[in-house]
Amino acid sequence: MNQPLDKEYYTDLINTLINALCEAGYLLKEKSQVQLRVDSLVWKATLLNQISPDLLTSRRLQDSEQENISVNSFFQKFYQTNAFTINTMEGREYTGQVKNEDRQEREEKFRAGELAALFCSPTMELGIDISDLNIVHMRNVPPSPSNYAQRSGRAGRSGQEALVITYAAVGSGHDQYFYQRQDKMVAGIVAPPKLELANQDLIQSHVYSVWLAHTGVDLGDSMNKILDLDLEDYPLRESISSQLKMSNDKLRRCLQATESILSDCFCQNDLRKSSWYSVDWLQHTLENALNAFSKACDRWRVLYQEADEQLQDARHIIDRSARGDISQEDRNIAQMQEREAQRQKDLLTGQINKGKSSSQFEFYPYRYFAAEGFLPGFNFPRLPVRAYIPATTGGEFVNRPRTVALREFAPSNIVYYEGSKFQVAKIKVPVGGIENRYKRVSVCFNCGYFHEGDLRDTCENCGAEIKPDKRQNVAKLTRVLPLETAIARRRERITCDEEERLKYGYNITTHFRYASQKQENATVESADGTPLLKLTYGATAKIWRINRGLKKNTEERGFKLDVKTGNWGDQKNETQVDLHTEVNLLVDDTCNILVIEPLNTPVVNKEAFIATLQYAVLTAIQAVYKLEADELDSERLGEGRYLLLWEASEGGAGVLSQLLEKPDVFQRIADAALDICHFKHIKNSCINACYECLF
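Residues numbered from 1 in each chain as written. Predicted model: local features only at pLDDT ≥ 70, side-chain atom pairs only at ≥ 80, totals over all residues. Heavy atoms only, no water.

Caption draft 1: Representation of the state of the cysteines. This structure, assessed with the given rule, holds 0 disulfides. Cysteine Cys447 is unpaired, with the sulfur of Cys459 as its nearest cysteine sulfur at 3.6 Å. For Cys447, a relative accessible area of 3% gives the class buried. Take Cys459: its relative accessible area is 4%, and that puts it in the buried class. (Disulfide = S-S within 2.5 Å. Buried < 20%, exposed > 50% of the residue type's maximum accessible area, 1.4 Å probe, protein only.)

Listed below in structure tokens is the structure:
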């Protein structure tokens with residue numbers, strides 16, 4: 001029949017087809033789960049010039065014919081001729097997340113030719129010299145000509161011929177900009193690095209480092225040499241605390257030294273213009289340094305206390321099993337938890353690294369205080385989110401910047417580590433319980449403003465009614481959980497259903513809030529005086545990002561969480577007694593922001609206009625200031641009424657303020673945007689402002 005099937009008939013038809021395939025031996029069916037039998041597959045090598053498109057993923061206009069896809073002839077010939085020669089080639093990861101001894105071993109094997117390739121972060125850029133290295137393949141265009149020179153310069157260091165390959169991603173405006181203007185990268189001028197010198201957090205961490213130097217305290221190689229683990233709440237050891245307490249005379253000399261350092265450094269002019277800096281602020285910071293030092297230990301204290309409680313609980317269960325009160329299965333689980341907890345305690349105190357370079361482990365004191373933002377540390381993400389990965393070595397803590405962790409360490413996400421797959425299964429339960437960690441927030445979808453505490457009815461920023469957006473994202477949330485330490489479980493196999501749900505990603509919304517008395521406004525006008533854009537710059541503003549759950553889940557909001565165990569619940573499992581629903585995850589950051597409100601926008605295709613403006617401005621700023629993609633980020637807020645840009649790198653790049661301070665800067669940005677979109681120089685192969693230009 002030539003008409004659509006109704007739902008009931010369609011369901012019966014599918015069930016009948018599945019049952020027939022099961023009877024024929026092609027499928028296996030268990031309850032509601034259906035799986036293809038591996039032994040029913042027949043693999044045949046076939047040489048083709050064209051292949052049919054995937055019916056499930058390819059798109060076409062209704063009633064139009066699907067065209068075949070030409071095969072990649074390069075790989076076809078490669079697999080027929082040279083592929084057999086690479087079966088013994090091995091490549092390994094070489095990043096800051098790899099333990100120091102493993103990196104040294106891999107570096108030596110690479111030098112000796114036992115490893116064919118190293119997959120590197122910018123670690124390789126920072127001075128590793130392998131003289132006979134002859135190929136460098138960069139997976140994206142480096143942020144600046146100086147980075148390109150450093151990375152490409154790893155090859156051919158003994159005068160031999162070398163090959164440097166740079167891949168320009170289609171989805172990156174930065175990559176596409178330099179792909180079209182290759183000379184600006186390959187033979188470009190090395191520009192000074194961009195940094196917000198008057199960033200309060202940056203200055204404060206340097207002040208604390210001066211204070212620590214004046215105390216003369218050696219933090220040692222382990223946090224348990226700083227904290228007394230035999231006392232409740234793990235306070236500072238008396239010997240450490242007494243050394244950190246300064247006399248009035250010593251504090252006065254430290255204040256004079258800090259003033260002298262700041263008056264002589266490059267940030268002097270920037271500090272004078274800032275609203276927060278003063279001698280009183282400096283003195284208060286130094287006087288409060290001891291309290292700040294102890295507070296910076298809190299996250300370590302929580303991790304250690306949680307691991308210790310897990311260890312004691314597991315041992316209690318094991319002791320009960322000796323009396324026959326516990327099943328063998330519960331005993332096995334308890335023994336696994338005991339080993340895991342002991343491993344975590346050893347990692348936290350550095351016992352795993354005895355006899356090795358202690359400065360490389362995650363909780364080496366100086367590295368830890370840098371990650372907490374107490375000391376300067378540009379090589380480490382500030383206030384990262386950590387996940388415990390039960391790897392083959394027994395387990396490791398890995399960290400990610402908060403905005404990255406909001407996706408990577410989100411419930412059920414797959415984490416790839418050292419060639420294995422792990423799935424985020426739970427979060428660590430805080431000592432006071434999860435319910436005490438929930439936040440109540442209201443967000444305005446009219447302008448993107450964030451309110452914490454009481455659930456408001458109107459927005460503090462724009463006065464609009466606080467209500468759901470057009471995608472039905474809830475505006476008033478009662479169970480918002482700051483993302484803390486996650487725990488993963490090894491997964492050997494991932495089902496097709498899980499992959500299908502995860503590939504759509506997470507529904508993440510972005511919100512902001514200005515710091516008190518730190519707003520500056522300006523208007524961009526055309527040559528005839530017509531207002532075009534309203535700019536609002538906010539120094540040290542707050543950015544919040546909320547993970548509201550998987551995009552694929554249209555009926556469920558947020559995540560399900562067992563508040564007793566910390567296990568993320570199955571969306572289909574309603575049997576867990578302590579399961580909380582509609583739990584949202586939250587991360588925040590302090591950074592400089594710029595809110596752009598387009599004025600007199602066209603009525604027709606308004607959404608397309610705002611999207612194009614967003615990426616044109618973002619890509620132009622990155623091009624003018626030679627910023628990497630992760631140094632500046634943007635979002636459309638207020639259902640397309642506003643653009644939010646923020647300096648996403650640690651410390652900030654200090655470029656957004658210049659759009660208001662220097663009258664000619666926005667003109668330079670506009671000229672670059674017009675050039676990128678081919679309005680100044682027409683490109684025959686595309687229309688103006690096409691995806692290739694902007695993304």
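Caption draft 2: Just the packing of helix 13 (residues 298-322) against helix 14 (residues 328-349), in detail. Running from N to C, helix 13 and helix 14 cross one another at 150 degrees; their axes reach a closest spacing of 8 Å. Between helix 13 and helix 14, the crossing angle belongs to the class labelled roughly antiparallel. Crossing handedness for the pair helix 13 and helix 14: left-handed. Of the residues contributing to the contact of helix 13 with helix 14, the split by class is 11 nonpolar, 7 polar and 7 charged. (Axes fitted to C-alpha atoms, helices over the stretch in contact; angles between N-to-C directions. Helix = DSSP H or I, 4+ residues; strand = E, 2+ residues; numbered from the N terminus. Parallel < 35°, antiparallel > 145°, perpendicular 65-115°, else oblique. Left-handed = near helix turned anticlockwise from the far one by under 90°. Nonpolar A, V, L, I, M, F, W, Y, C, P; charged D, E, K, R; others polar.)

Caption draft 3: The nonpolar core, seen in detail. In this structure, Leu535, Leu594, Ile596, Ile621, Tyr625, Leu645 and Leu656 are the most contacted members of the largest nonpolar core, which totals 47 residues. Counting only elements with at least two residues in this core, the list comes to strand 7 (135-138), helix 5 (173-180), strand 19 (531-550), strand 21 (579-598), helix 18 (606-625), strand 23 (642-647), helix 19 (658-661) and helix 20 (665-676). Element by element, the count of residues in this core is highest for helix 18, at 10 residues. Residues in contact with Ile621, not counting those within four places in the same chain, are Lys626, Leu627, Leu632, Leu645, Val655, Leu656, Leu659 and Ile669. Among the nonpolar cores identified, the runner-up in size contains 46 residues, and Val217, Leu303, Tyr304 and Phe397 belong to it. (Core = buried A, V, L, I, M, F, W, Y, C linked by side-chain atoms within 4.5 Å. Contact = heavy atoms within 4.5 Å.)

Caption draft 4: Here's a closer look at helix 4 (residues 145-152). By the burial criterion, the buried members of helix 4 are Pro145, Asn147, Tyr148, Arg151 and Ser152. The buried residues of helix 4 all sit within an arc of 155 degrees when viewed along its axis, so they share a single face. (Arc of directions from axis to C-beta.)

Caption draft 5: Main features of the pairing of strand 23. Taken across its 6 residues, strand 23 has 6 buried, putting it largely inside the fold. Side chains Tyr642, Leu644 and Trp646 of strand 23 all project onto a buried face; the interleaved residues Leu643, Leu645 and Glu647 project onto the opposite face, where all are buried too. Direction of pairing for strand 21 relative to strand 23: antiparallel, over a ladder of 4 bridges. Within strand 23, the position partnered with Val595 by the bridge is Leu644. In this sheet, strand 23 lies alongside strand 22 (residues 632-637) in antiparallel orientation, the contact comprising 6 bridges. Counterpart to Glu635 in the pairing with strand 23 is Leu644. Connecting strand 22 to the next strand, strand 23, in antiparallel fashion are 4 residues, including Gly638 with a positive phi near 60 degrees. (Pairing = 2+ DSSP bridges.)

Caption draft 6: A nonpolar patch on the surface, seen in detail. Together, Leu5, Tyr9, Tyr10, Leu13 and Ile14 give the surface a local cluster of nonpolar side chains, amounting to about 470 Å² of exposed area. Assignment of secondary structure puts Leu13 in helix 1 (residues 7-23). (Patch = residues over 30% accessible without salt bridge, like charges linked within 9 Å, V, L, I, M, F, W, Y side chains within 5 Å. Areas by Shrake-Rupley, 256 points an atom, 1.4 Å probe, with all protein chains shown as cover. Salt bridge = Lys/Arg side-chain N within 4 Å of Asp/Glu carboxyl O.)

Caption draft 7: Representation of the packing of aromatic side chains. If you walk through the whole model with that rule in mind, you get 26 aromatic pairs. Note on Tyr449 and Tyr514: the rings are 6.1 Å apart at their centroids and 45 degrees apart in plane angle, and the pair reads as tilted. In this pair, Tyr449 sits in the loop between strand 13 (439-443) and strand 14 (450-452) while Tyr514 sits in the loop between strand 17 (506-513) and strand 18 (519-525), placing the two residues 65 residues apart along the sequence. For Tyr449, a relative accessible area of 5% translates into the label buried. (Phe/Tyr/Trp six-rings, centres within 6.5 Å; stacked < 30°, edge-to-face > 60°.)

Caption draft 8: Here's a closer look at the environment of Glu556. As for its placement among the helices and strands, Glu556 is situated in the loop between strand 19 and strand 20 (559-562). The class for Glu556 is partly exposed, based on a relative accessible area of 32%.

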